[in-house]
Amino acid sequence: MKLSENTMNVLKNFASINSGVVLNKGNVQRTISPEKSILVEATVEDDLPEKFGVYDLNQFLGNVTTMKNPELTFTKECVTMSDSDEFALTYLSASANLIISPPEKELVLKNVDCSFTLPNATLQKLIKIATMNGLPNLSVVGANGELRLKIHEKANDTSNHGSVKIGEYAGADFTATFKTENLKVLPDDYNVELQKNAFAKFVNTAGNLKYFIALETK
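Here's a quick rundown of the structure.

Another aspect to go through is the overall build of the protein chain. The helix and strand inventory of the protein chain stands at three helices and 15 strands. Across its three principal directions, the C-alpha atoms of the protein chain cover 65 × 35 × 30 Å. Going through the 218 residues of the protein chain one by one, you find that 44% of them count as buried. Looking at the protein chain alone, contacts between residues at least 24 apart form 56% of all its contacts between residues at least 6 apart. Accessible surface computed for the protein chain: about 11,700 Å², of which carbon and sulfur atoms make up 48%. Side chains of the protein chain give 22 positive and 26 negative charges; the mean places of these two sets differ by 6 Å.

What follows is the structure in structure tokens.
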């Protein structure tokens, strides 16, 4: 089999979250950050024939791209990558015990305190400006009848900051804060459900990407 562009993009995103991954048999793949602050589940285009552990995902992907989309043959012990130049690389499976993996039980919000639609263009603009200004936090703020996304430094009231309205809000005032570095989602439009003092669930419009991202509780 050859890995599709869709699967490669998902695995590159996984590599930014955790350097290792246990690829599941089938087309549903999951990973979690070592700090347990980001969990992602993706339904990819490729149906993998075997469960396979990858200790260094960037290295694995580097081999695939260097060999220009080789044919992959999976076994429980290894994957053989074969390219058009008749070169073959045997890449050994890593033990699952060496890799931090998400729990089998699906993460569920106990309460949905807030929900909104987050367009890709809005998120990318906020992240770019936050990075440019060294702003480590993105907060969801419900106040004065509005729901806004605010980029700022939570610990510094005198820092640069900016915000954008994303909807109306009729509940009690609240602020829920993420680390901007944890918003490692693939570019897409997302529907977001948020549980205060816990985490938020980001689901893309196609429904094949789910991110669970922890909120700052301090």
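If you trace the six strands from one edge of the open sheet to the other, you get E2-E3-E15-E14-E13-E8, paired in antiparallel fashion. Looking at which strands have only one partner, the edges of the open sheet turn out to be strand E2 (26–32) and strand E8 (114–118). Each neighbouring strand pair of the sheet contributes to a mean axis angle of 20°, computed without reference to strand direction. Of the strands in this sheet, E2, strand E3 (38–48) and strand E15 (209–214) are in contact with helix H1 (residues 5–17), which crosses E3 at around 155°.

The strands that make up a sheet are held in pairs by hydrogen bonds between backbone atoms, and each pair lies either parallel or antiparallel. As summarised here, the arrangement of the three strands in space is E5-E6-E7, forming an open sheet in which the pairing is antiparallel. Each of the sheet's edge strands pairs with one partner strand only, and the pair in question is strand E5 (71–74) and strand E7 (88–92). Strand-to-strand, the axes of this sheet are offset by a mean angle of 20°, without reference to chain direction. Where E5 meets strand E6 (residues 78–82), four bridges bridge the pair, whose relative direction is antiparallel. In the strand pairing of E6, Leu-72 is matched with Met-81.

In terms of backbone geometry, most residues other than glycine have negative phi values and most peptide bonds are trans. The backbone of Lys-36 shows a phi angle near 65°, a positive value even though the residue is not glycine. Mapping Lys-36 onto the fold places it in the loop between E2 and E3. The exposure class assigned to Lys-36 is exposed, which follows from its relative accessible area of 55%. Positive phi values are uncommon outside glycine, yet Asn-197 reaches one of about 60°. With respect to the element layout, Asn-197 can be found in the loop between strand E13 (190–195) and strand E14 (199–204). Residue Asn-197 is classed as exposed on the basis of its relative accessible area of 64%.

The complete set of buried residues in helix H2 (residues 57–66) reads Leu-57, Phe-60, Leu-61 and Val-64. The buried residues of H2 all sit within an arc of 90° when viewed along its axis, so they share a single face. When the buried face of H2 is taken as reference, the exposed residues oriented beyond 90 degrees from it are Asn-58 and Thr-66. Next to the buried residues of H2 lie H1, strand E1 (21–23), strand E4 (52–54), E6 and E7. Where H2 begins, the side chain of Asp-56 points an oxygen toward the backbone nitrogen of Asn-58, at a separation of 3.3 Å. Count one or two residues on from H2 and you reach Lys-68, which has phi positive near 55°.

With that out of the way, let us pick up the pattern of salt bridges. All told, the structure shown has four salt bridges when counted by the stated rule. We note a salt bridge from Arg-30 to Glu-41, for which the minimum N-O separation is 3.4 Å. Remark: Glu-41 occurs in strand E3 and Arg-30 occurs in strand E2; sequence separation between them is 11 residues. Per residue, the accessibility class of Arg-30 equals that of Glu-41, and both read buried. With a shortest N-O distance of 2.9 Å, Glu-168 and Lys-165 are connected by a salt bridge. For Glu-168, a relative accessible area of 61% puts it in the exposed group. Members of the salt-bridge network, linked through shared partners, are Glu-146, Arg-148, Lys-165 and Glu-168.

A few words on the pairing of strand E9 (residues 137–143). Counting buried residues in E9 gives six out of seven residues, a clear majority hidden from the surface. Relative to strand E10 (residues 146–152), E9 runs antiparallel, the two sharing seven bridges. The partner of Val-141 across the bridge, within E10, is Arg-148. Counting the residues between successive antiparallel strands, the hairpin from E9 to E10 contains two residues, one of them, Asn-144, with a positive phi of roughly 55°.

What counts, and at which threshold
Residues numbered from 1 in each chain as written. Predicted model: local features only at pLDDT ≥ 70, side-chain atom pairs only at ≥ 80, totals over all residues. Heavy atoms only, no water. Helix = DSSP H or I, 4+ residues; strand = E, 2+ residues; numbered from the N terminus. Buried < 20%, exposed > 50% of the residue type's maximum accessible area, 1.4 Å probe, protein only. Contact = heavy atoms within 4.5 Å. Areas by Shrake-Rupley, 256 points an atom, 1.4 Å probe, with all protein chains shown as cover. Lys, Arg positive; Asp, Glu negative; His and termini not counted. Charge placed at Lys NZ, Arg CZ, Asp CG, Glu CD. Pairing = 2+ DSSP bridges. Axes fitted to C-alpha atoms, helices over the stretch in contact; angles between N-to-C directions. Arc of directions from axis to C-beta. Polar contact = N/O pair within 3.5 Å; in protein donor to acceptor, adjacent residues only side chain to side chain. Salt bridge = Lys/Arg side-chain N within 4 Å of Asp/Glu carboxyl O.

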